[in-house]
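The lines below spell out each chain.
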Amino acid sequence: MQPDCNVKNGVVVTSAIEHILKKMESTNIAICKGAIGCGKTTALDYVTKVFKDEGWQIECIEEFIDESCIDRALKSNKTVLCCDNYCGSFGCQMFSQEVLARNERTIEAILSSERKIRVLIGIHNHVYDEINSTIGHRCFLHHTNSLVDLDSLSKSELLWIFKTQEEKGTTKQEEKGTTKQEEKGTTKQEPKSYEDLLAMTTRRSDMVGLPFQTMMMHALPDICFSEAFCNNPFQIITEHFKMLSRQDKRKFDSFLYIMCAMIFNQNAEKFDQTVASAISNNLDFHWVKYYVNELAPFLKIEDNCAELKHELIAIAVFHTFLEVFENPWSIFNACDIRKTLELIRPEDENRKPHPFAIPLSRVSFKSIRLTLETGIREANMNMEGHPLMNYFHEK
């Protein structure tokens, strides 16, 4: 491995991260764009830490930059306003010209301030593309020179990311006093060579970022350290979850509960029965806790709190439930309505849906229409422009 990139505080400082830092020195906005799993959040976290160490106030928000952000951006003479997952974490949730215009006005108002303000935006490729193919975004058009592509990795950067992830995993196992095999009950794995990694990723899918793929190679090497996974990572991981749902439904139900609850505290013994009932009548706290260790390859576990380690895993779990179970729409009572609407699109929509969308037929829509309407109303969501509105307008 050539030392053409630095590793600082466990983060591989890629040329893309260096590019973000240079952009923010010369301009007041950087728009960081990449495939889901490209390391976008890691890059934003690193950049904001650099600015924080230099005395800047950091204000972090998710998904939208509306009027409420102005006061936060102006509270200090030197502020970085960082918005991760702009316009959606799983898929696009920005279809309203009115809401989009408010976001654009807010961004321009912040940038025109006399104070030293930097705006740092992270957005997934499929969200960016869906916005541009539907309503467009003036901010993107006005600041094309501020775009940073997060998908380009040199071979050396890829290998350093792979090595750094491996070291982090080993450190966590040592802290727990276990080996990866003891945790998962698997046989000892032969070490994988860097040459094999480079060969497999040469013809990989560009819909999913390399850092996610290498993370899963360490977590689940039997399945993910393969050409099949590199060629179609989302399909392979979804097929794995389908097999899990058939072989051990209670284990998959526990997995689904963690996804819907977002965080599962193993010490709290508080159980959201509404979420559990939407999944299965036989699910309880002790079963979910029992399966946490077996689901460890897909979870981030800190201080006995478990959550899915990446949004792509959540999308795959969601897809699996809707495709495999007899009454899949019951899950809509348990999931965050905003995330649900990021993922579902009309089955017969003329335009091409984003690659992780779930097609919803008119027949299925009729059976869950009331559930969706209730969730939208309770969340006070603006649904203007969402593709599903074609269904809502039909009698």
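Our structure is the block above this text.
So, here's what we can say about the structure. Quick caveat: nothing in here was measured; it's all calculated off a predicted structure. (Residues numbered from 1 in each chain as written. Predicted model: local features only at pLDDT ≥ 70, side-chain atom pairs only at ≥ 80, totals over all residues. Heavy atoms only, no water.)

Each helix and strand counted, the chain has 20 helices and twelve strands in total. Computed over C-alpha atoms, the radius of gyration of the chain comes to 22 Å, within 12% of the 21 Å expected from 2.2 N^0.38 for 395 residues, which places it in the range of a compact globule. Burial analysis of the chain (395 residues in total) assigns 51% to the buried set. A separation of at least 24 residues holds for 72% of the contacts in the chain among residues at least 6 apart in sequence. Approximately 19000 Å² of the chain is accessible, and the part contributed by carbon and sulfur atoms is 47%. For the chain, the distance from the average position of its 46 positive side-chain charges to the average position of its 56 negative side-chain charges is 2 Å. (Helix = DSSP H or I, 4+ residues; strand = E, 2+ residues; numbered from the N terminus. Rg over C-alpha atoms; globule rule 2.2 N^0.38 Å. Buried < 20%, exposed > 50% of the residue type's maximum accessible area, 1.4 Å probe, protein only. Contact = heavy atoms within 4.5 Å. Areas by Shrake-Rupley, 256 points an atom, 1.4 Å probe, with all protein chains shown as cover. Lys, Arg positive; Asp, Glu negative; His and termini not counted. Charge placed at Lys NZ, Arg CZ, Asp CG, Glu CD.)

Moving on, we come to the nonpolar core. When a protein is soluble and globular, its nonpolar side chains tend to lie buried together. Counting residues in hydrophobic clusters, the biggest one holds 77 residues, and the most contacted among them are Met216, Phe255, Ile313 and Ile331. Top element by residues in this core is helix 17 (residues 311-324). It accounts for nine residues. Ignoring any residue separated from it by four or fewer positions in sequence, one finds isoleucine 313 in contact with Phe212, Met216, Ile237, Phe241, Phe255, Phe298 and Leu308. One finds Cys92, Ile110, Leu111 and Val127 within the second-largest nonpolar core, a separate group that totals 27 residues. (Core = buried A, V, L, I, M, F, W, Y, C linked by side-chain atoms within 4.5 Å.)

Okay, the sheet that holds strand 4 (residues 57-62) next. If you trace the five strands from one edge of the open sheet to the other, you get 4-5-6-3-7, paired in parallel fashion. Both edges of this open sheet fall to strand 4 and strand 7 (147-149), since each of them pairs with a single strand only. When the angles between neighbouring strand axes are averaged without regard to direction, this sheet yields 20°. Judged from the three bridges that link them, strand 3 (residues 29-34) and strand 7 form a sheet pairing that is parallel. Its bridge partner being in strand 7, cysteine 32 is matched across the sheet by valine 148. Contacting strand 3, strand 5 (78-84) and strand 6 (116-124), helix 4 (residues 97-111) crosses the sheet at an angle of about 145° to strand 6. (Pairing = 2+ DSSP bridges. Axes fitted to C-alpha atoms, helices over the stretch in contact; angles between N-to-C directions.)

You can see glutamate 104 is positioned in helix 4. The class of glutamate 104 is buried, set by a relative accessible area of 6%. Filtering out sequence-adjacent residues up to four positions away, glutamate 104 remains in contact with His137, Arg138 and Cys139.

The next thing to look at is the sheet that holds strand 8 (residues 264-265). Spatial ordering of the open sheet is given by 8-10-9, a layout of three strands whose pairing is antiparallel. This sheet does not close on itself; its edge strands, each paired only once, are strand 8 and strand 9 (299-302). The pairing of strand 9 with strand 10 (residues 305-308) spans four bridges and is classified as antiparallel. In the strand pairing of strand 10, leucine 299 is matched with leucine 308.

What follows concerns the environment of glutamate 373. Assignment of secondary structure puts glutamate 373 in helix 19 (residues 362-378). The class for glutamate 373 is partly exposed, based on a relative accessible area of 29%.

As a further point, take the packing of helix 1 (residues 15-26) against helix 2 (residues 40-53). Packed helices, taken two at a time, are described by the angle between their axes plus the distance between the axes. In the contact formed by helix 1 and helix 2, the axes pass within 10 Å of each other and the chain directions differ by 45°. Classed by the angle they form, the pair helix 1 and helix 2 counts as oblique. Helix-helix and strand crossings are classified by hand; for helix 1 and helix 2 the assignment is right-handed. For the pair helix 1 and helix 2, the contacting residues are Ile17, Ile20, Leu21 and Met24 in the first and Ala43, Tyr46, Val47, Val50 and Phe51 in the second. Looking at the contact of helix 1 with helix 2 residue by residue, the classes come out as nine nonpolar, no polar and no charged. (Parallel < 35°, antiparallel > 145°, perpendicular 65-115°, else oblique. Left-handed = near helix turned anticlockwise from the far one by under 90°. Nonpolar A, V, L, I, M, F, W, Y, C, P; charged D, E, K, R; others polar.)

Geometric values such as these leave the question of function open.
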